[in-house]
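# Per-entry structural report
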Amino acid sequence: MDYLVIPAYEPDYNLIRLIKKVREKSDFEVIVINDGSSASCNRVFEQAATYATVLHHSLNQGKGQALKTAFRYIQSQGHYGVIVTADADGQHKLWDILRVANAAHEQPQKLILGARSFTGKVPLRSRFGNSLTRLLFKQQTGVAVSDTQTGLRAFTSNMLPFMLSIEGQRYEYEMNMLLQACKAYPIVEV
């Protein structure tokens, strides 16, 4: 069984459009984590529950903790499969989600990154931030990754114990994942 995990804090209806399309065109079990969003988002999560399992944090705990909540849930299901993580803002398209999932099926025991191409109208802050973290990551690990900040990632469920052992509750969790994974598993970009 394959899972799509989407941590969500204060999402808009882009989340609904994405998970509706995913459910219509794939076999993913979709898991959305409401990471302590305000009551103004209740309607979005109610609609999300039509297409996904929605897990709730009563208070905002951070993206890393939201991912871990979903990972524990998946682990409790006891099924082998691919787990894809995506962002709630709709920036990841179904085609890209399927591509990283397929890569994880073809290359188990590897962390798959859905690398974005930073071309066209990319905000300077995003372009600079990714360039800086790419450089620092390469200096620290010796591993070249073109997009260290992508939320589109995939791996097989046998890697869940490793993913749950990584420290971090907020956005640092994703960088910690890369730092630790490059020592334990090959990283592949799609």
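All figures in this text were calculated on a predicted structure; none of them were measured in a lab. (Residues numbered from 1 in each chain as written. Predicted model: local features only at pLDDT ≥ 70, side-chain atom pairs only at ≥ 80, totals over all residues. Heavy atoms only, no water.)

### Observations regarding helix 1 (residues 14-25)
Rules: Numbered from the N terminus, helices here are DSSP runs of H or I no shorter than four residues, and strands are runs of E no shorter than two. Working rule for helices: expected span equals 1.5 Å times residues minus one. Each residue gets one of three labels from its accessible area relative to the maximum for its type: buried under 20%, exposed over 50%, partly exposed in between, using a 1.4 Å probe on protein chains only. Note that the arc is computed from the directions linking the helix axis to the C-beta atoms.
Between its terminal C-alpha atoms helix 1 stretches 17 Å, which fits the 16 Å expected from 12 residues at 1.5 Å a residue. Residues L15, I16, L18, I19 and V22 constitute the buried set of helix 1. One face of helix 1 carries all of its buried residues, which in axial projection span an arc of 165°. Along helix 1, the residues that are exposed and aim more than 90 degrees away from the buried face are R17, E24 and K25.

### Digging into the pattern of salt bridges
Spelled out, the test is: A pairing counts as a salt bridge when a side-chain nitrogen of Lys or Arg comes within 4 Å of a carboxyl oxygen of Asp or Glu.
What the rule picks out here adds up to four salt bridges. As a salt-bridge pair, K63 and D87 come within 2.8 Å of each other at their nearest N and O atoms. Taken together, the residues span a long stretch of sequence, with K63 in helix 3 (residues 63-77) and D87 in the loop between strand 4 (82-85) and helix 4 (94-106) at a distance of 24 residues. Both residues of the pair, K63 and D87, count as buried. R99 is the salt-bridge partner of D96, the closest N and O atoms lying 4.0 Å from each other. Of this pair, D96 and R99 both sit in helix 4, three residues apart, which is roughly one turn of the helix. Relative accessible area serves as the criterion here: at 36%, R99 is assigned to the partly exposed category.

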